[in-house]
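Spelled out from the first residue to the last, the chains are:
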Amino acid sequence: MSESTSASPTAAVTIRPMRDRDFFSWLPLFVEYGDFYNSPVTDQKALLVWSWISEGKHDVHGLVAENADGTLVGFAHYRGFARPLAGEVGVYLDDLFVQPDARRNGIATQLIEAVGEAARARGARIVRWVTAEDNADAQKLYDQVAARTTWLTYDMGL
């Protein structure tokens, strides 16, 4: 995947794949993301997710948004999935987060676009994600970059 840089009035960021050395910069962002969704990120959970991203044992990939001084200000986690009825594959955007003080600078849009580039590179025909029903700020962006579906999401706990 190519790295992309975009300037805004207040920030310039590079979107790039996560690297091993990013763990300690990614971790506080992941913890803040978990806090936002009332899903605490324990050390065990963080290490497990990082192993999925860094060791290639799962089809989980990560991108980061890095500002000009090398600080990570956002991330996206994504993975592939099969679409049997469509006879094609897609990419699922699991997690998208930008630090609150870095928001409204186009960083989330750049991360979504970079996931789209990664999806195209692997032959996917769609990028799909969900968000909380009450996450109105995110929905404003998502309504600009994607089509809202009529599908409802269900979880069956095991």
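Residues numbered from 1 in each chain as written. Predicted model: local features only at pLDDT ≥ 70, side-chain atom pairs only at ≥ 80, totals over all residues. Heavy atoms only, no water.

Colleague: So what's going on with the overall build of the protein chain? Residues and values would help.
Modeller: Per the secondary structure count, the protein chain includes four helices and six strands. For the protein chain, the α and β elements follow one another from N to C terminus as β-β-α-α-β-β-β-α-β-α. For the protein chain, the C-alpha radius of gyration of 15 Å lies close to 15 Å, the compact-globule estimate for 158 residues. With the C-alpha coordinates of the protein chain rotated into their principal frame, the extents come out at 45 × 35 × 35 Å. A total accessible area of about 10,000 Å² is found for the protein chain, and carbon and sulfur atoms account for 53% of it. (Helix = DSSP H or I, 4+ residues; strand = E, 2+ residues; numbered from the N terminus. Rg over C-alpha atoms; globule rule 2.2 N^0.38 Å. Areas by Shrake-Rupley, 256 points an atom, 1.4 Å probe, with all protein chains shown as cover.)

Colleague: Talk me through the nonpolar core; I want residue IDs and the actual numbers.
Modeller: With 25 residues, the main nonpolar core has Leu96, Ile107 and Leu111 as its most contacted residues. Contributing elements (two or more residues each) for this core: β2 (12-17), β3 (60-67), β4 (72-83), β5 (88-98), α3 (107-121) and α4 (136-145). When residues in this core are grouped by element, the largest group, eight residues, is from α3. Not counting residues within four places of it along the chain, the set of residues in contact with Leu96 comprises Tyr33, Phe75, Ala76, Ala108, Leu111, Ile112 and Tyr142. The next biggest cluster of nonpolar side chains, apart from the first, holds 16 residues, and it includes Tyr33, Ala46, Val49 and Trp50. (Core = buried A, V, L, I, M, F, W, Y, C linked by side-chain atoms within 4.5 Å. Buried < 20%, exposed > 50% of the residue type's maximum accessible area, 1.4 Å probe, protein only. Contact = heavy atoms within 4.5 Å.)

Colleague: Quick one: what's the story with the environment of Glu66, residue by residue and with numbers?
Modeller: Assignment of secondary structure puts Glu66 in strand β3. If we skip the residues at most four places from it in the chain, Glu66 touches Ala12, Val13, Thr14, Arg16, Thr71 and Leu72. Polar side-chain contacts of Glu66 include one of 3.3 Å to the side chain of Arg16. (Polar contact = N/O pair within 3.5 Å; in protein donor to acceptor, adjacent residues only side chain to side chain.)

In short, geometric facts, not functional conclusions.
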